[in-house]
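Topology and contacts: notes
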Amino acid sequence: MLMVTGGHYITNGYSITDSRSIMGIQERRIREKDLRRQTIFEAARRQFLAHGLDNVKMSEIAREAELSKGTLYLYFNDKTDLMYSLLLESLHDLRERVTTVADGEGTAMEKVHELLERYIEFFHERQDFFPLFQYLDYAFSTGAPESSAEACFGVIYELTGRIEQLLNEGMADGSFRADLEPGEQAVVYAHMIHSFMEQVVSREGFLRAHSGFEPEVLIRRMFKIIIDSLQ
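First, a word on what this report is: a plain description of the structure on this page. Bear in mind the structure is a predicted one, so any value in this text is a computation, not a measurement. Each chain carries its own residue numbering, running from 1 in the direction its sequence is written. Totals for whole chains, interfaces and linings use all residues, but because this is a predicted model, local features are given only for residues with pLDDT of at least 70 and pairs of side-chain atoms are given and counted only at 80 or more. Only hydrogens and water are set aside when side-chain values are computed; all heavy atoms of the structure are taken into account.

Before going further, it helps to examine the overall build of the chain. Counting from the N terminus, the helices are DSSP H or I runs at least four residues long and the strands are E runs at least two residues long. If you tally the helices and strands in the chain, you get 11 helices and 3 strands. For the chain, the succession of helices and strands along the chain, N to C, is β-β-β-α-α-α-α-α-α-α-α-α-α-α. Sequence-distant contacts, at least 24 apart, represent 65% of the contacts inside the chain between residues at least 6 apart. Shrake-Rupley sampling with a 1.4 Å probe provides the accessible areas, and residues are treated as covered by the protein chains on show and by no other component. Summed over its atoms, the accessible surface of the chain is roughly 13200 Å², and 53% of this surface lies on carbon and sulfur atoms. Between two residues, a contact is recorded if the distance between any of their heavy atoms is within 4.5 Å.

The residue His194 is located in helix α9 (residues 182-202) in this model. Buried means the residue's accessible area, taken with a 1.4 Å probe over protein chains only, is under 20% of the maximum for its type, while exposed means over 50%, and partly exposed covers the values in between. Overall, His194 belongs to the buried group, its relative accessible area being 5%. Here the side chain of His194 touches Tyr119 through a polar contact of 3.1 Å, side chain to side chain. Ignoring anything within four residues of it in the chain, the contact list for His194 reads Leu94, Tyr119, Phe133 and Leu159. Side-chain atoms alone can form a polar contact between residues adjacent in sequence; in general such a contact is a pair of N or O atoms within 3.5 Å, and within protein one must be able to donate a hydrogen while the other accepts it.

Here we take up the pattern of salt bridges. What makes a salt bridge here is a side-chain nitrogen of Lys or Arg within 4 Å of a carboxyl oxygen of Asp or Glu, nothing more. What the rule picks out here adds up to 18 salt bridges. A salt bridge links Arg126 to Asp93, with the shortest nitrogen-to-oxygen separation between them at 3.0 Å. Separated by 33 residues along the polypeptide, Arg126 in the loop between α5 (108-125) and α6 (129-133) and Asp93 in helix α4 (residues 79-102) bring together distant segments of the chain.

Now for the packing of α5 against helix α8 (residues 147-173). Orientation of α5 relative to α8, taken along the N-to-C sense of each, is 145°, at an axis distance of 8 Å. Contacts between α5 and α8 involve Ala108, Lys111 and Leu115 from the former and Leu166, Glu169, Gly170 and Asp173 from the latter. Charged residues are taken to be Asp, Glu, Lys and Arg, nonpolar residues to be Ala, Val, Leu, Ile, Met, Phe, Trp, Tyr, Cys and Pro, and polar residues to be all remaining types, Gly included. Within the contact of α5 with α8, the residues separate by chemical class into 3 nonpolar, 1 polar and 3 charged. Between the N-to-C directions of two axes lies an angle of 0 to 180 degrees, each axis being a line fitted to C-alpha atoms and, for a helix, fitted only over the stretch in contact.

Another point: helix α11 (residues 215-230). Under the convention used throughout, the expected extent of a helix is 1.5 Å for every residue step, that is, one less than its residue count. Across its 16 residues, α11 extends 23 Å between first and last C-alpha, which sits within 8% of the 22 Å expected from 1.5 Å per residue. Within the span of α11, buried status applies to Pro215, Leu218, Ile219, Met222, Phe223, Ile226, Ile227 and Leu230. Tucked inside the fold, the buried residues of α11 contact α5, α8, α9 and α10 (204-210).

Here it is as structure tokens:
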């Protein structure tokens, strides 16, 4: 029942002013939770990059994040769950970049060139992603991956689907060869891109020392091989 008393609306015993206050508190708590989760992610990134996943403990991540160890366990079951959640966050970022290009204007070939630039940006901004990518192979081989790992596979399948979509578009608009096998080649290209970039990051120092080439140069060359195969 709705009543007016003293200029305030009352419903079910609560004024609208009270309801707004409650909503404000709930929204603030959500923001604080999201901020704390991001703080944990940033601390985990620094620790994983500096010491490697196997050499980092949850207590060290907690110390880096300036939080208690117990607080970390309110957000993640264990270090593996944290790692896959961190990986999933990066995959969501990559998906957003790829989706923006795939759903944008232009021919399929123009989109592929734009996609290259988005991957280069991702490479420079998300160095933490690639060393963790290898752990998806372990999750798959165990036969019982964590739920967050399964979500990672879902995004990867979606990215592969986006590549297949571009291949079909290119065949339709005449910017790609007409004899492509979109489903098969999408899987090949997805593995080429992600595996090659993972190797370039993990062997960056070796490549610079022994080949003299910068990682970005090699990534662009890899994409050129893909682009040449489309024509």
